[in-house]
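In case you want the letters, here they are:
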Amino acid sequence: MSHNRRTAARSARILGVSAASAALALGAAGSALACSLADFSAAALCDGGKGVITVTDKDASGVPAVVTVYLENNGSDLRQVGEQTVIGTKEGAQVQFAEEWKPGAVYRVHVTATRGTKTFVNDDIPLLTAPAKACAAEQTAKPSPSTSRSATGKPSASASASTSAGDDTTATASGSAAAPAPGGNEVSPAAQESNLAETGADSNTPVIAGIAAALVAVGGAAVFFGMRRRGAGNRH
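What comes next is a walk through the structure.

What counts as what
Residues numbered from 1 in each chain as written. Predicted model: local features only at pLDDT ≥ 70, side-chain atom pairs only at ≥ 80, totals over all residues. Heavy atoms only, no water. Salt bridge = Lys/Arg side-chain N within 4 Å of Asp/Glu carboxyl O. Helix = DSSP H or I, 4+ residues; strand = E, 2+ residues; numbered from the N terminus. Buried < 20%, exposed > 50% of the residue type's maximum accessible area, 1.4 Å probe, protein only. Contact = heavy atoms within 4.5 Å. Pairing = 2+ DSSP bridges. Axes fitted to C-alpha atoms, helices over the stretch in contact; angles between N-to-C directions. Core = buried A, V, L, I, M, F, W, Y, C linked by side-chain atoms within 4.5 Å. Disulfide = S-S within 2.5 Å. Polar contact = N/O pair within 3.5 Å; in protein donor to acceptor, adjacent residues only side chain to side chain.

This brings us to the pattern of salt bridges. Within the structure shown, the criterion is met by four salt bridges. One salt bridge in this structure joins Glu72 and Arg108, with 3.8 Å as the shortest N-O distance. Of this pair, Glu72 sits in strand β3 (residues 64–73) while Arg108 sits in strand β6 (residues 106–115); the two residues are 36 residues apart in sequence, bridging distant segments of the chain. Of the two residues examined, Glu72 and Arg108, each falls in the buried class. A salt bridge links Asp124 to Arg108, with the nearest nitrogen and oxygen atoms 3.1 Å apart.

See the structure below:
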């Protein structure tokens, strides 16, 4: 065999080994990305005091899967809880089923994952058993006693106390306003003098006296002149 033939045979062997390695690598990668039952999990949880069944799909290839949940009773389906479609992601995509599960209840979760004509999964994940403790209902905050009323429609104790205090204050204020001051009905001499001054009684007295004096003077003059005229008439 010549040198050229040996070189060609060696190159062919190297190419064959490389192609086989690449095929194995692609096959392994394809198997890793393929949807499988191991990508699915289920759990019975509580959401806001209500029970839910959550199914998680971590299929990185994103094959659509139909998830059906059944309530089990002694190994047989008692009823179907619900059915939803989920498309998995590497981080995990979830679907939830509202279910008021009882402690220790058993559920069967069936997964059917297909793409085109190829079926990747058509099986049940391991049976799901609900926790031993039921979900606790959320408690509604009660209104403050100071602003609430009782079931009979009566004001609360603090409101009644506030009302009573307000009534007492009002009554005290009313009593204080209505009660006369001691000696309030008696008019003092100073007040009487002030009233007289305001009506002008003292200021009119000199005027009246002046008018009276003028009248007296006029009358006296009339009498005087009358007597003189009579005297003159008697002399003639």
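Tracing the backbone shows Ala65 in strand β3. Remark: the alpha-carbon pair of Ala65 and Phe120, spanning 55 residues in sequence, is separated by 9.3 Å. Beyond its immediate chain neighbours, meaning those up to four positions away, Ala65 contacts Phe40, Asp57, Gln84, Thr85, Val86, Val111, Thr112 and Ala113.

Strands sit in the order β1-β2-β5 across an open sheet of three strands; the sheet is antiparallel. In the strand order of this sheet, the two ends are held by β1 (40–47) and β5 (93–98), each with one partner. Within the sheet, the average angular offset between the axes of one strand and its neighbour, ignoring direction, is 25 degrees. Sheet topology note: the strand β2 (residues 50–57)/β5 ladder contains six bridges and is antiparallel. In the strand pairing of β5, Val55 is matched with Val95.

Residues Phe40, Val67, Val69, Val86, Phe97 and Tyr107 are the most contacted members of the largest nonpolar core, which totals 25 residues. Listed by contribution, the elements that provide at least two residues to this core are β1, β2, β3, β4 (76–87), β5 and β6. With residues up to four places along the chain from it excluded, the contact list for Val69 reads Ile53, Gln80, Val81, Gly82, Phe97, Tyr107, Arg108 and Val109.

So, about the state of the cysteines. Applying the stated criterion across every chain, the model contains one disulfide. With its sulfur 1.9 Å from that of its partner, Cys46 forms a disulfide with Cys135. With the S-S dihedral at roughly -90 degrees, the linkage between Cys46 and Cys135 falls on the left-handed side. With Cys46 in strand β1 and Cys135 in the loop between β8 (128–129) and α2 (157–178), this pair connects stretches of sequence that are 89 residues apart.

With respect to the helices and strands, Glu91 occurs in the loop between β4 and β5. With 35 residues separating them along the chain, Glu91 and Thr56 place their C-alpha atoms 9.7 Å apart.

Structurally, the position occupied by His110 is in strand β6. Within polar-contact distance, the side chain of His110 engages the side chain of Thr112 at 3.3 Å. Residues within four places of His110 in sequence aside, it is in contact with Val66, Val67, Thr68, Asn122, Asp123 and Asp124.

Within β3, seven of the ten residues are buried, which leaves the element mostly enclosed by the surrounding structure. Taking the residues between adjacent antiparallel strands as the criterion, β3 and β4 are bridged by two residues, where Asn74 takes a positive phi near 55 degrees. Looking at chain direction, β3 and β6 are connected through seven bridges and run antiparallel. Bridging across to β6, Ala65 finds its partner in Ala113.

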